[in-house]
Amino acid sequence: MNRRERRAAGKQAKAEQNGLPSAVELALCETVFGHMQSGRHLEAQLCCHKALEASPEHPELLHLMALVCMNAGQLDHAVEWASRAIRKEAKPSYLQALAAALLRLGRQEEALQVLDKAVQLAPDDADLRRSMGTVLLKAGRTGE
């Protein structure tokens, strides 16, 4: 192994220790997005499961699986995957994905609670505030 390869392997090992996905996982994620954009939901889920085998608790991969399930119309699964990602790391984007799945399931009040938490984490995020407004309208709470 030459010096460049050792350095790359060292960087990869450090990234994995910091909870970042490996190069293989990143490539799989790109493949997942390609499948989703082409409407091949089963292939996207299989690729995502493969990435999760390597890092079963990685929040970005859990969030990606939630998005795949949501795009496939598997909303209950999307809620579960997004919830798992949030338990690992409560990012506003994960909360927003959970709220979107809850809203599509007709669970407006729960979606509002989740979006409220997301807005607390990122109060300046206009997209989150827009999502909150949309959910309030759908819940019939126009005064808010």
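Draft legend 1. Quick look at the side chain of H35. Secondary-structure assignment places H35 in helix α2 (residues 23-37). By relative accessible area, which is 14% here, H35 ends up buried. Not counting residues within four places of it along the chain, the set of residues in contact with H35 comprises R40, E43, A44 and C47.

Draft legend 2. Spatial organisation of the packing of helix α6 (residues 92-104) against helix α8 (residues 126-138). Relative orientation of the contacting elements α6 and α8 amounts to 20 degrees, with a least axis distance of 11 Å. The orientation of α6 relative to α8 falls into the category roughly parallel. For α6 against α8, the interelement crossing comes out left-handed. On α8, the residues touching P92, Q96 and L103 of α6 are D127, L128, S131, V135 and K138.

Draft legend 3. Examining the pattern of salt bridges more closely. With the rule as written, the count across this model stands at seven salt bridges. For K91, the salt bridge identified is with E60, shortest N-O distance 2.8 Å. Placement of K91 in the loop between α5 (75-88) and α6 and of E60 in helix α4 (residues 59-71) is noted, with a sequence separation of 31 residues between them. E60 gets classed as partly exposed once you look at its relative accessible area, which sits at 35%. Note that E110 is salt-bridged to R107, the shortest N-O span being 2.7 Å. Of the residues examined, R107 reaches a relative accessible area of 30% and is grouped as partly exposed. Residues participating in the shared-partner salt-bridge network are E57, R84 and K88.

Here is what the cut-offs are and how they apply
- Residues numbered from 1 in each chain as written.
- Predicted model: local features only at pLDDT ≥ 70, side-chain atom pairs only at ≥ 80, totals over all residues.
- Heavy atoms only, no water.
- Helix = DSSP H or I, 4+ residues; strand = E, 2+ residues; numbered from the N terminus.
- Buried < 20%, exposed > 50% of the residue type's maximum accessible area, 1.4 Å probe, protein only.
- Contact = heavy atoms within 4.5 Å.
- Axes fitted to C-alpha atoms, helices over the stretch in contact; angles between N-to-C directions.
- Parallel < 35°, antiparallel > 145°, perpendicular 65-115°, else oblique.
- Left-handed = near helix turned anticlockwise from the far one by under 90°.
- Salt bridge = Lys/Arg side-chain N within 4 Å of Asp/Glu carboxyl O.

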